[in-house]
Structure formats: C-alpha cells, structure tokens
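Chain by chain, the residues:
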Amino acid sequence: MLARKSIIPEEFGLPGLVSRVPRKPVFRDRVNKARFIAKNGSCNLAHKNIREQGRFLQDVFTTLVDLKWRFTLVIFTTTFVSSWLLFAMSWWLVAFAHGDLDNDNGKEVCVTNVTSFTSAFLFSIEVQVTIGFGGRMITEQCTAAITVLILQNIVGLIINAIMLGCIFMKTAQSNRRAETLIFSRHAVIAVRNNRLCFMIRIGDLRKSMIIGAAVRLQVVRKTTTPEGEVIPIHQIDVQTESAVASNSLFLLAPLIICHVIDKNSPLYDLSAMELQCSDLEVIVILEGVVETTGITTQARTSYVSEEIQWGHRFVPIVTEEEGVYSVDYSKFGNTVKVATPHCSARELDEKPSILIQTLQKSELSHQNSLRKRNSMRRNNSIRKGGPGGSGGLRRNNSALAVPKVQFFTPNEGGQNPSEIT
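From a predicted model like this one, the values you see are computed outputs, not experimental measurements. (Residues numbered from 1 in each chain as written. Predicted model: local features only at pLDDT ≥ 70, side-chain atom pairs only at ≥ 80, totals over all residues. Heavy atoms only, no water.)

**Student:** What should I look at first to understand the sheet that holds strand S7 (residues 281-290) in this one?
**Tutor:** Across a sheet, strands are paired by hydrogen bonds formed along the backbone, either parallel or antiparallel in direction. Strand order in this open sheet of four strands is S5-S4-S7-S8, and the pairing throughout is antiparallel. Of all the strands in the sheet, the pair left with one neighbour each is strand S5 (230-238) and strand S8 (296-304). Along the sheet, successive strands turn relative to each other by an average axial angle of 25°, direction set aside. (Pairing = 2+ DSSP bridges. Helix = DSSP H or I, 4+ residues; strand = E, 2+ residues; numbered from the N terminus. Axes fitted to C-alpha atoms, helices over the stretch in contact; angles between N-to-C directions.)

Encoded structure:
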C-alpha cells in the first residue's frame, strides 16, 4: 500500500524549514590556560630538570644580582664573617708560632696585644675594615705577619668590590624604573581611518623621560604546522602604526599605540565572536634608556582575549588648562563604545559596505537619541512652566485662551444684543 502524501509540500514542512534556517557557527569554549607574561611584566615560566647547575657558578656576579634580597644579605654577611674568622686564625697562628701568646721574657712580638683568639679576631676586623683603634699593631719582627697583612688587604678589597657592586646593581636595576611605566588595563579594537585597529595606551608617570623609547608587539598562540608539528608558544611579531626607520617614540605624554589589522596581521581572520573563543595572547614590550641613569629599561605586559574590548575607544585625557597641558590619569584606562563591525578584517576588506552600513545605523541611532532627549527636555520645560511652576502654566494657558467677542445685530424690539463667542 502506498504511503499517503501530505497536503503540505515537503519543502515547507518542519524538517525542510529547519534545514533551510542558516546556522550560526558554533565555537568551543575557551580553555583556561596560563599566561605567558603576567600583567606586571614577570615571565610565567618555570625551568625544570636543569642538569648543568654549574653554569650558574661560572657567572657568580650575575647569579648574586639575580638572587632575592634575603639570600643576598645572608651571603653578604657570611662572606665578611668568614673572611674575618679565616684571617683571625692566621694571626693567631703567627702569634703562636712566634711565641707571643705567653710572652714572659719581654721580647718584641709580631703583633702587639694579641694574646688570644678573641684579640686576633678583633685585629683581623681592624685590618680588613681599616678601622685602626691603635691598641693592636704590627711590628717589623715577623715576615709572616707582613705577608698575612698584604693578603688580607687584597682579599678584603676584592670582597668589598664584589659585594658593594652587587648591592649597587640590585638597587639600580632597570626594572625599578619600569614600575612607573604604565599600560592600559584593557586593549581595544575599533575603526580608525576606515580600518580595524588594535590599540593600547602607554604612559610614563615620571617627568624624567625615556630616551629612544620603542614598542614591540607580539602575538603568542599555539599553532600547528602543515607537517603536524605543534608549536605551543609561537611568537609572531606585530607591526605598529608608528613604526618608522628609528622606531622610537617621544613618550612625553600618554600615547595610544595602534596596530592596523591588515592581511599581514595575525588578527586578520578573527571576528568579535572568534576573538572571545581564541587562546591568543598579545605581548607588549616597551624599551628605552633612562634619562637620569643611562641604563636600558624594559617594561612588559600582555593582553588575553578577555582583556580585549571589541568596539571600544580610549577617552581623551590630555587637556589644555591655562596654557599648560594637563594629563588626567584617573581616566587612563577608560573607554567608550563606538560603532564597529563585528566581522573580521578580511570580511571588511571583501565587503566595504559593511562599514558604511554600520556607521549609518550608528548615526541614525544617535540622531534618534538626540530627538528623544530634546523632546524630553521640551516636555519637562512645559511641565515646569518656567519659574512659576504650575501657576505659570495656568497663566500661559489663560493667555492663549480665545477672547470673547460680541456681535451687535439689529432687533426689532430694541432688545439687548446677542453674544456670540
């Protein structure tokens, strides 16, 4: 028996209509991953299973500078105390060999007033630190004592040079200057000069400038080559709009660093929805020479997809007040929404009409909001009726009322004229 045909055609049935409905692309939820560079600029990287630990001892000075302050102070104290004890033992042995510890016959000693290890330790401190209290001194009787004096002076100068140089380098590290180089909390993507642009804001809180400042942008993401090789940290350089031959910035006031998303950009194929689901990280590196010290400094930060605001623009913060340019840092990271297509830069290049339609819709909505705002203000002013409030409104209404007009018509009986309004 043949199946009974439905009255409704198949293409207009529920399965057919569902198949014809355009489906939106489905994106997987972004997996939370660790940042490569933290917001404060520190590298989120752990070195494990280093077998050749002796390489760090080949560069002792850099190792001491890289250590934390508590370890540096412990090494500083231990080194000086150990050297004092070592040469105190040397002075005690010189006195013991010469018989100065129990000098009863009155012969001349190598070092005066060194009769115990404690006195030898005090004399060692006086020699190395060059205090010289005057109670203990070396004589011309012992060649060994003169040799020990020369060795301790040389060793003491070497220890002082290394330790003081280490302390100075730790206090004058370039990353301390980077504490006053600030970046905006969020990055933005908006239309500038009819092109989609990735923008951040940088600033310097100090009046002393950074000479030859340069900004580099890198996109770090996990990629897979056509051969199947997985690169977990693939660094891609990103060109900025201010890139010139010298690539230097005049960082006098906060600047907005702009990257035009063109066909050479790694963000060229990303739309607003795809950006939120991607696992990319944009690293910003600011380098320059400190004007006061001449030391090269570097400040770093990064932006993950959650920290990139699509369709926003930074608000102006530089104003002119009484002939002086003023910077309001309270608005440093503030942004405002602007009309921006949600498509990728590739789609925008292929269909330029998308940008025109977006701008027209934005202008139309702006005009409608202005009309509503003006009408609301007009209604509020009418309701208030000026300074007189509701009484003024009544007076205005009475003034606008139609006056009463009398028309005289001849009557036969000479009666009163009729009134017509």
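So much for the structure itself; the text now carries on.
**Student:** I tried to follow the environment of Ile 354 on my own but got confused; where do I start?
**Tutor:** Secondary-structure assignment places Ile 354 in helix H9 (residues 353-384). The spatial distance from the C-alpha of Ile 354 to the C-alpha of His 342 is 9.6 Å, given a sequence separation of twelve residues. If we skip the residues at most four places from it in the chain, Ile 354 touches Pro 341, Cys 343, Glu 347 and Leu 348. (Contact = heavy atoms within 4.5 Å.)

**Student:** What is the right way to read the packing of helix H3 (residues 69-98) against helix H5 (residues 143-171) from this model?
**Tutor:** For any two helices packed against each other, the geometry is given by the interaxial angle and the distance between the axes. Relative to each other, H3 and H5 sit at 175°, their axes nearing to 11 Å. Between H3 and H5, the angle falls in the class roughly antiparallel. Partitioning the contact of H3 with H5 into residue classes produces 17 nonpolar, seven polar and one charged. (Parallel < 35°, antiparallel > 145°, perpendicular 65-115°, else oblique. Nonpolar A, V, L, I, M, F, W, Y, C, P; charged D, E, K, R; others polar.)

**Student:** Please clarify how unusual backbone geometry should be interpreted in this entry.
**Tutor:** Where the residue is not glycine, phi is negative for most of them; where a peptide bond is considered, it is trans in most cases. A positive phi angle is found at Asn 193, which is not glycine, with a value near 55°. Note that Asn 193 resides in the loop between strand S2 (187-192) and strand S3 (195-204). Despite not being glycine, Glu 322 has its phi angle at roughly 55°, a positive value. With respect to the helices and strands, Glu 322 occurs in the loop between strand S11 (318-321) and strand S12 (324-327).

**Student:** I keep staring at the side chain of Thr 72 and nothing clicks. Help me out?
**Tutor:** Among the secondary structure elements, Thr 72 is positioned in helix H3. When sequence neighbours within four positions are dropped, the list of residues in contact with Thr 72 reads Leu 64, Leu 67, Cys 166, Ile 167 and Lys 170.

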